[in-house]
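# Report on the structure
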Amino acid sequence: MIALAFFAIGLLEWFRTNPKPPGDTAKFWVLFSVLGCWNVLASVFTWWPQPNQLAHLLLGWLE
């Protein structure tokens, strides 16, 4: 639920800033959609890795 609140804040900030080139807008929507789906799946399914778990799996060897 907190992730959705941060997504809403990010979306509002995106619209508040200066106009963007069309390529940047497309990149934003792709990234926004992928991360939003990832967080929803992580909230619904217990077996789906949370973003922090994924970072730990990928970068855990740095500890």
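So, how was this worked out
Residues numbered from 1 in each chain as written. Predicted model: local features only at pLDDT ≥ 70, side-chain atom pairs only at ≥ 80, totals over all residues. Heavy atoms only, no water. Helix = DSSP H or I, 4+ residues; strand = E, 2+ residues; numbered from the N terminus. Rg over C-alpha atoms; globule rule 2.2 N^0.38 Å. Buried < 20%, exposed > 50% of the residue type's maximum accessible area, 1.4 Å probe, protein only. Areas by Shrake-Rupley, 256 points an atom, 1.4 Å probe, with all protein chains shown as cover. Expected span 1.5 Å × (residues − 1). Contact = heavy atoms within 4.5 Å. Phe/Tyr/Trp six-rings, centres within 6.5 Å; stacked < 30°, edge-to-face > 60°. Axes fitted to C-alpha atoms, helices over the stretch in contact; angles between N-to-C directions. Parallel < 35°, antiparallel > 145°, perpendicular 65-115°, else oblique. Nonpolar A, V, L, I, M, F, W, Y, C, P; charged D, E, K, R; others polar.

This part is about the overall build of the protein. When helices and strands are counted, the protein shows three helices and zero strands. In sequence order, the secondary structure elements of the protein are arranged as α-α-α. Expected size for 63 residues packed as a compact globule is a radius of gyration near 11 Å; at 14 Å, the protein overshoots this value by more than 25%. In the protein, buried positions account for 10% of the 63 residues. A total of about 5400 Å² of accessible surface is found on the protein, and carbon and sulfur atoms cover 74% of it.

A separate point is helix 2 (residues 22-44). Compared with an ideal rise of 1.5 Å per residue, which puts 23 residues at 33 Å, helix 2 spans 33 Å between its outermost C-alpha atoms and is within 8% of the ideal. Those residues of helix 2 that fall on the buried side of the exposure criterion are Phe28, Gly36, Asn39 and Ala42. The inward-facing, buried residues of helix 2 abut helix 1 (2-16) and helix 3 (51-59).

Moving on, we come to the packing of aromatic side chains. Given two aromatic rings, one states the distance between the centres and the angle between the planes to describe the pair. Enumeration according to the criterion identifies six aromatic pairs in this entry. Taken together through their ring pairs, the aromatic side chains of Trp38, Phe45, Trp47 and Trp48 make up a single cluster.

It is worth spelling out the environment of Ala8 at this point. The topology assignment puts Ala8 in helix 1. For Ala8, a relative accessible area of 39% corresponds to the partly exposed category. When the C-alpha atoms of Ala8 and Leu31 are compared, they prove to be 14 Å apart, with 23 residues separating the residues in sequence.

As a further point, take the packing of helix 1 against helix 2. Contact geometry for helix 1 and helix 2: axes closest at 11 Å, N-to-C directions at 170°. As far as their axial angle goes, helix 2 and helix 1 are roughly antiparallel. Of the residues in helix 2, those in contact with Ala3, Leu4, Phe7, Leu11, Trp14 and Phe15 of helix 1 are Asp24, Thr25, Phe28, Trp29, Phe32, Leu35, Gly36, Asn39 and Val40. Classifying every residue of the contact of helix 1 with helix 2 by side-chain character gives eleven nonpolar, three polar and one charged.

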